[in-house]
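Fold and geometry: a report
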Amino acid sequence: MKYGDILSHLSGYPPIDFNGDNRTHCFTEVISGLRIHDELTVDPSLMENNKSIADFRDLLDRAYEPRIEGLARDEQAQENMQNQARRPKLVILSRNGSRAITNEKALVKTAEEIGFRVRVLRPQPTTELAKIYMELNSSDAMIGVHGAAMTHLLFMRPGCSVFIQVIPLGTDWAAETYYGEPAKKLGLKYIGYKISPRESSLFDEYKKDDPVLRDPSSLNQKGWEYTKKIYLERQTVKLDMPRFRKRLVRAYEHITRIHRKTHLRSQPQ
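Residues numbered from 1 in each chain as written. Predicted model: local features only at pLDDT ≥ 70, side-chain atom pairs only at ≥ 80, totals over all residues. Heavy atoms only, no water.

**So, the overall build of the protein chain**
Applicable threshold: Starting at the N terminus, helices and strands are each numbered in turn, a helix being any DSSP run of H or I of at least four residues and a strand any DSSP run of E of at least two. Burial classification: accessible surface area is computed with a 1.4 Å probe over protein chains only, and a residue below 20% of its type maximum counts as buried, one above 50% as exposed, and the rest as partly exposed. Note on definitions: a residue-residue contact is assigned when non-hydrogen atoms from the two residues lie within 4.5 Å. Residue burial considers only the protein chains on display, and all accessible areas are found by Shrake-Rupley using a 1.4 Å probe. The charge count includes Lys and Arg as positive and Asp and Glu as negative, but it does not include His or the ends of the chains. Every charge is mapped to an atom, namely NZ of Lys, CZ of Arg, CG of Asp or CD of Glu.
The helix and strand tally for the protein chain stands at ten helices and five strands. In terms of its C-alpha atoms, the protein chain occupies a principal-axis envelope of roughly 65 × 55 × 35 Å. Taken across its 269 residues, the protein chain has 38% of its residues classed as buried. Within the protein chain, counting contacts between residues at least 6 apart in sequence, those at least 24 apart form 69% of the total. Carbon and sulfur atoms make up 50% of the accessible area of the protein chain, which totals about 16600 Å². Placing the 42 positive and 35 negative side-chain charges of the protein chain at their respective mean positions leaves the two points 6 Å apart.

**Here we look at the pairing of strand S4 (residues 162–167)**
Counted only if it meets this: Strands are treated as partners if at least two bridges between them are detected by DSSP.
Burial of S4 is extensive: six of the six residues sit out of reach of the surface. Residues Val162, Ile164 and Val166 line one face of S4 and the alternating positions Phe163, Gln165 and Ile167 line the opposite face, and both faces are buried. When strand S3 (residues 141–145) meets S4, the two strands line up parallel, connected through five bridges. Note on S4: the bridge partner recorded for Val145 is Val166.

**A few points about a nonpolar patch on the surface**
Which entries qualify depends on this criterion: The residues that make up patches have over 30% relative accessible area and no salt bridge, and they are joined within 9 Å when like-charged or within 5 Å when they are Val, Leu, Ile, Met, Phe, Trp or Tyr. For this document, the term salt bridge refers to a Lys or Arg side-chain nitrogen within 4 Å of an Asp or Glu carboxyl oxygen.
On the surface, Tyr13, Ile16, Phe18, Phe27 and Val30 cluster together into a nonpolar patch covering about 510 Å² of accessible area. Mapped onto the elements, Tyr13 comes out in the loop between helix H1 (4–7) and helix H2 (53–72).

**Focus on the layout of surface pockets**
Note the cut-off: Points on a 1 Å grid over protein atoms alone make up a cavity when a 1.4 Å probe fits among them but cannot get out, and a pocket when they form an open set with protein on both sides within 12 Å along at least five of seven lines; lining residues each have an atom within 4 Å of a point. Grid points are joined across faces, edges and corners, and a volume is the space filled by probe spheres set on the points. Each residue is assigned to one class: nonpolar for Ala, Val, Leu, Ile, Met, Phe, Trp, Tyr, Cys and Pro, charged for Asp, Glu, Lys and Arg, and polar for all the others, Gly among them.
Counted as a void, the largest pocket has a volume near 2300 Å³. Considering the residues around the largest pocket, the lining is formed by 47 residues, among which Ile6, Leu7, Leu10, Leu34 and Phe56 are closest to the centre. Secondary structure elements with two or more residues in the lining of the largest pocket: H1, H2 and helix H5 (129–137). For the lining of the largest pocket, the element with the highest residue contribution is H2, accounting for six residues. Here the lining of the largest pocket is composed, by residue class, of 27 nonpolar, twelve polar and eight charged.

**A closer look at the packing of aromatic side chains**
Ring pairs (aromatic) are described by centroid distance and by the angle formed between their planes. Put simply, the rule is: Geometry of aromatic contacts follows a simple scheme: Phe, Tyr and Trp rings, the Trp one being its six-membered ring, pair when their centres are within 6.5 Å, and the pair is stacked under 30 degrees between planes, edge-to-face over 60, tilted otherwise.
Taken as a whole, this structure holds nine aromatic pairs when the rule is applied. Between Trp173 and Tyr178 the ring centres are 5.5 Å apart and the planes differ by 80°, which places this aromatic pair in the edge-to-face class. You can call Trp173 exposed: its relative accessible area is 60%. The exposure class assigned to Tyr178 is partly exposed, which follows from its relative accessible area of 31%. Of the aromatic side chains, those joined through ring pairs into one cluster are Tyr64, Tyr133 and Phe155.

Take a look at the structure:
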């Protein structure tokens with residue numbers, strides 16, 4: 001049910017839930033399993049008619065359009081759009097527990113001072129994907145700490161949106177490979193923010209010359225279990241707001257520059 005809107009566009013047949021369907025189904029052709037081209041992207045050279053990640057992004061638009069139209073009729077949503085339409089919209093994907101931003105309120109305050117209209121999104125396993133899509137598809141920028149939720153970058157609008165990924169200690173390679181590079185291929189403006197040791201909760205647990213802080217790659221080389229236990233499960237982030245503010249300003253200037261160009265093109269000659 002969660003992915004039904006998307007799955008319905010990938011086949012001419014309705015999705016089958018075999019948990020409640022014991023019948024035998026016969027088809028002329030079946031593709032079994034997944035074929036990955038790269039992380040969160042599509043290789044046009046391997047696709048019929050050279051389709052790309054942009055085509056998949058168009059598929060998402062078609063899949064969610066009917067549901068979005070229904071959600072958009074909500075009076076409160078319309079009121080917010082009308083009253084604050086001129087301020088760039090920034091969505092913060094919030095986390096609890098590991099890799100949470102512990103000074104999130106300060107982040108919201110700083111972003112609003114710069115000029116953003118801020119929405120804090122806390123997706124749950126039961127959150128309807130169409131609602132997350134609506135928030136991000138109507139946003140100008142998204143901030144999130146490295147993790148699986150960053151796959152939601154696919155809901156952002158290519159060519160005009162900014163994705164800021166906060167990169168905790170020990171996650172540099174994964175953050176860039178799994179989300180940074182795919183964001184660029186999708187056509188987003190990507191800004192990676194590598195935290196300093198002082199911005200990590202691990203700074204209070206280890207001596208400053210400990211390899212955990214000084215040389216995370218040496219710990220990662222010991223294996224996935226070290227990376228998982230130390231950097232993914234035990235680390236939170238407290239942003240250095242004066243330092244992070246520079247990224248927010250860069251994002252804001254990029255967005256407003258695009259808005260100005262779009263406005264000028266829309267004017268009669």
